[in-house]
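Working through the structure, step by step
Residue-level listing of the chains:
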Amino acid sequence: TSRFRRAKQEPNVNIPGVSRAQGVASAGELRALAESCKERDSGRRQVDAALPLDILTYEEKTLSAILRICSSGLVKLWSSLTLLGSYKGKKCAFRVIQVSPFLLALSGNSRELVLD
Amino acid sequence: MATLRRLREVPRHLLVCEKSNFGHDKSRHRHLVETHYHNYRVSFLIPECGILSKELKNLVMETGPYYFVKNLPLHELITHEFINTFVKKGSCYALTYHTNIDEDNTVALLPNVVSIDLMDLSLNLDSKKYERVSWSFKEKKPLKFDFLLAWHHTGAEESRMMSYFSSYGIQERQPRVALSTASELQCPVLRSGELGGAPGAACSAPELLDWLGAVFSNAQLNNEPNNFVSTYCCPQPSTVVAKAYLCTITGFIVPEKIRLLLEQLCRYFDEPKLAPWVTLSVQGFADSPVSWRENEHGFRKGGEHLYNFVIFNNQDYWLQMAVGANDDCPP
């Protein structure tokens, strides 16, 4: 047998967006919104805002998405989205459900098991 | 500068990848499956497959039952009767339900030795040790939790758990099963001997694990590098399979049933198949206090502890074990 270890470098973030005013309607809009968050919170420095970000999935029905960002950008993205209070003039809130460096871990969440 | 550095830090996590063959005497596959006790989600993927065999289908439908009981006093799990009825006659598993391990008290029952060794206790129920343990669970305000329970045994006493805890309103549950097929699925090309991949010839084990996550999350696999929304794509080299079978089982699933699934998936290649490999992935409960055996598991920003088998048609396999920051290293 042979083994190797690797410390993963790219956390994934599972985020449902609660948008009361139907602010975010598509993955493209979510991406633009996330970029504008980062830009705003980095003091409008374009260089800092340029972290590669992927919207891996976006489900309009549940308003939830899986975002992928490099590990060094996790704190910035998470705090930016958490602090976002409105979009296009309407109130909204983002809640981070799961964070993991392993995308497979985001396909199931034992904390969502409902039995009662 | 120190603040900026701290902002860029993420907790450590580990992915251990190993390869072996099911025929090797020293293969650890059985041991690793059997010592991962609290399993929430089991899924497998079979490329080039549109219909599940009868044997696999039966196994999938028989991964349960498990049980749910509310407000069960903790001392009930250390009584002489409980130990004799369940602990000594099979493998008994329990985990508190909806207790977050980073916030709440959590209790777990492991099938073998536990920090309060139930087998040892049961030898002398008059001992001071037993009295002390029993007193601590009952004194003043007895500790009570909602529990998930499961019992694996070889006897025919199906509803023993139901009758034993009937006064606590125990409920029997079946795991949820989701079956689907994917069409025109891009799959990575793998070589069983090349865990780290080979440039231009085969993908690596970590790439395969990412891809598997993308498939089970329904992510797009063929984005262009300049796509505004996502740049993720299937690792290369890849092939497109006409059909792939996906199955996901969620609940409180015992290791013995997972072992049976693994063995059946190994037998998939007893007859010639188009598929070069199949995968079996298992995710543990985020709030289990242990990952493998008594290795500590915790929840930092995430509570992942999962493993994935890639089973090749020559009986070679890859095993990947992944844990998060507050975990001991996988075995």
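Note: the structure precedes this text.
The present account deals with the structure reproduced in this document. What you are looking at is a predicted structure, and each value in this text was computed from that prediction instead of being measured. (Residues numbered from 1 in each chain as written. Chains lettered and ligands numbered in written order. Predicted model: local features only at pLDDT ≥ 70, side-chain atom pairs only at ≥ 80, totals over all residues. Heavy atoms only, no water.)

**Quick word on the overall build of chain B**
A count of helices and strands for chain B gives nine helices and twelve strands. Restricting to contacts in chain B with at least 6 residues of sequence separation, those with at least 24 account for 77%. Total accessible area computed for chain B in this model is approximately 15000 Å², and 48% of it derives from carbon and sulfur atoms. (Helix = DSSP H or I, 4+ residues; strand = E, 2+ residues; numbered from the N terminus. Contact = heavy atoms within 4.5 Å. Areas by Shrake-Rupley, 256 points an atom, 1.4 Å probe, with all protein chains shown as cover.)

**Overview of the pattern of salt bridges**
Residues and elements named next belong to chain B. Summed over the entire model, instances satisfying the criterion amount to eight salt bridges over all chains. One salt bridge in this structure joins Glu271 and Lys273, with 3.9 Å as the shortest N-O distance. With relative accessibility at 55%, the residue Glu271 sits in the exposed group. By relative accessible area, which is 31% here, Lys273 ends up partly exposed. (Salt bridge = Lys/Arg side-chain N within 4 Å of Asp/Glu carboxyl O. Buried < 20%, exposed > 50% of the residue type's maximum accessible area, 1.4 Å probe, protein only.)

**Topic: the sheet that holds strand S6 (residues 144-152) of chain B**
Spatially, the five strands line up as an open sheet ordered S5-S4-S6-S3-S7 (chain B), and their pairing is antiparallel. Single-partner strands in this sheet number two, and they are strand S5 (108-109) and strand S7 (171-173) of chain B. (Pairing = 2+ DSSP bridges.)

**Brief notes about the nonpolar core**
Burial of nonpolar side chains together is a common tendency in soluble globular proteins. Residue and element names in this part refer to chain B. In terms of nonpolar packing, the biggest core is built from 37 residues, with Leu45, Leu185, Leu190, Trp211, Leu221 and Trp277 touching the most fellow members. Of all elements in the fold, only strand S1 (14-21), strand S8 (176-188), helix H8 (205-216), strand S9 (238-253), strand S11 (305-312) and strand S12 (316-323) reach the threshold of two or more residues within this core. Sequence-distant contacts of Trp211, defined by excluding residues within four places in its chain, comprise Leu45, Leu185, Gln186, Cys187, Pro188, Leu221, Tyr232, Cys234, Pro235 and Trp277. (Core = buried A, V, L, I, M, F, W, Y, C linked by side-chain atoms within 4.5 Å.)

**Considerations on the interface of chain A and chain B**
Counting from both sides, the interface comprises 42 residues of chain A and, opposite them, 59 residues of chain B. Each partner contributes to the roughly 4500 Å² buried at the junction of chain A and chain B, and carbon and sulfur atoms together form 59% of this total. Applying the counting rule to chain A against chain B returns two salt bridges. For Asp287(B), the salt bridge goes to Arg111(A), with nearest N and O atoms at 2.6 Å. Looking at the side of chain A that touches chain B, the elements with two or more residues in it are strand S1 (2-6), helix H1 (27-41), strand S3 (53-59), strand S4 (64-69), helix H3 (74-83) and strand S7 (98-100) of chain A. Within the side of chain A that touches chain B, the residues separate by chemical class into 21 nonpolar, twelve polar and nine charged. (Buried area = accessible area lost by both parts, 1.4 Å probe. Nonpolar A, V, L, I, M, F, W, Y, C, P; charged D, E, K, R; others polar.)

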